[in-house]
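Each chain is listed here by its residues.
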Amino acid sequence: MNDRNTTGACSVSGGSEARAPRADAARNRDQLLAVASRVFASADAEPSMRAIARETGVGIGTLYRHFPTRESLVDAVYRGQVTRLTSGARDLLGQLPPAAAMRRWMDLFGDWIATKNGMLDTLLAMIESGEIAHAQTRTELLTAITAILDAGRAAGDLRRDVTAEDIAASLIGIFTVAPRPEREAMADRLLNLLMDGLRPAARPD
């Protein structure tokens, strides 16, 4: 409710004060997700919630206020990465030719795979319990790849006989044998070779 001063004027300062904490909370949440994604990507085993809070520079209570359970944090990181991949396909096509967009998108996919490594046990348990719909994620990722492929076919710089499933399977294979960040140079070389195979054969003169 708005307060009135002695002249009858209506004070609305409470509205801006209410908005500021909400904005701060959103920034804190975004920072926690960004740090958690980075920690998950670099971890050999699942890091503790306390380690993530420490890396972010906040108390464990702050982390639990935003994410009451490990599962809620994993879910938010996972969904954020999927959104980054799906929206990234559109953004890249708006900035780059389709073949270059495809190559850049492959790097985003590699980041997603790396992030999953540090939360794999929790993620698999959530998929098994139905908390995360793996089939829906697969459909969203294949749709993103297809969008880039369609643009590349129309532009003539990506082959017409390649499917989104082909590319997804190839990327999983590459990042299995050359996981990031440990073998990033090898992964980049294999991704470049994959891109060479996705381009149409040159027509003979």
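Basis of the calculations
Residues numbered from 1 in each chain as written. Predicted model: local features only at pLDDT ≥ 70, side-chain atom pairs only at ≥ 80, totals over all residues. Heavy atoms only, no water. Helix = DSSP H or I, 4+ residues; strand = E, 2+ residues; numbered from the N terminus. Polar contact = N/O pair within 3.5 Å; in protein donor to acceptor, adjacent residues only side chain to side chain. Contact = heavy atoms within 4.5 Å. Core = buried A, V, L, I, M, F, W, Y, C linked by side-chain atoms within 4.5 Å. Buried < 20%, exposed > 50% of the residue type's maximum accessible area, 1.4 Å probe, protein only. Axes fitted to C-alpha atoms, helices over the stretch in contact; angles between N-to-C directions. Parallel < 35°, antiparallel > 145°, perpendicular 65-115°, else oblique. Left-handed = near helix turned anticlockwise from the far one by under 90°. Nonpolar A, V, L, I, M, F, W, Y, C, P; charged D, E, K, R; others polar. Expected span 1.5 Å × (residues − 1).

Caption draft 1: Quick look at the side chain of D157. Within the fold, D157 resides in the loop between α7 (134-155) and α8 (164-177). A distance of 3.5 Å separates a polar side-chain atom of D157 from the backbone nitrogen of A99. Setting aside residues no more than four positions away along its own chain, D157 makes contact with P97, P98, A99, G152, L198, R199 and P200.

Caption draft 2: Representation of the nonpolar core in the model. By size, the foremost hydrophobic cluster in this structure holds 53 residues, and its most contacted members are L73, M102, W105, F109, L171 and L198. Within the residue set of this core, elements represented by two or more residues are α1 (13-42), α2 (49-56), α4 (70-95), α5 (98-117), α6 (120-129), α7, α8 and α9 (184-198). Ignoring sequence-local partners within four residues, the contact set of L198 consists of M102, M106, D157, L158, R159, V162 and I167.

Caption draft 3: Spotlight on the packing of α5 against α7. For the pair α5 and α7, interaxial distance at closest approach is 9 Å and the crossing angle is 160 degrees. Classified by the angle their axes make, α5 and α7 are roughly antiparallel. Two packed elements cross with a definite hand, and for α5 against α7 that hand is left-handed. The segment α5 lies against α7, with P98, A101, M102, W105, F109 and W112 engaging T137, L141, A144, I145, I148, L149, A151, G152 and A155. In the contact of α5 with α7, the residues fall into 13 nonpolar, two polar and no charged.

Caption draft 4: Representation of the environment of T163 in the model. Residue placement: T163 occurs in the loop between α7 and α8. Using a relative accessible area of 33% as the deciding quantity, one classes T163 as partly exposed. A sequence separation of 13 residues divides T163 from D150, and the C-alpha atoms of the two residues are 9.9 Å apart. Residue contacts for T163: discarding those within four places in its chain leaves L149 and R153.

Caption draft 5: Spatial organisation of the packing of α4 against α6. Between α4 and α6, the shortest axis-to-axis distance is 10 Å and the interhelical angle comes to 90 degrees. Judged by the angle between their axes, α4 and α6 are roughly perpendicular. Within the contact between the two elements, α4 uses R70, E71, V74, D75 and Y78 and α6 uses T122, L123 and M126. Per-class residue counts for the contact of α4 with α6 are four nonpolar, one polar and three charged.

Caption draft 6: Spotlight on α7. Its 22 residues give α7 an end-to-end C-alpha distance of 32 Å, which sits within 8% of 32 Å, the value for a rise of 1.5 Å per residue. Residues of α7 that are buried include every one of T137, L141, L142, A144, I145, I148, L149, G152 and R153, and no others. The secondary structure elements touched by the buried residues of α7 are α4, α5 and α8. In the stretch just after α7, G156 is the one whose phi turns positive, near 80 degrees.

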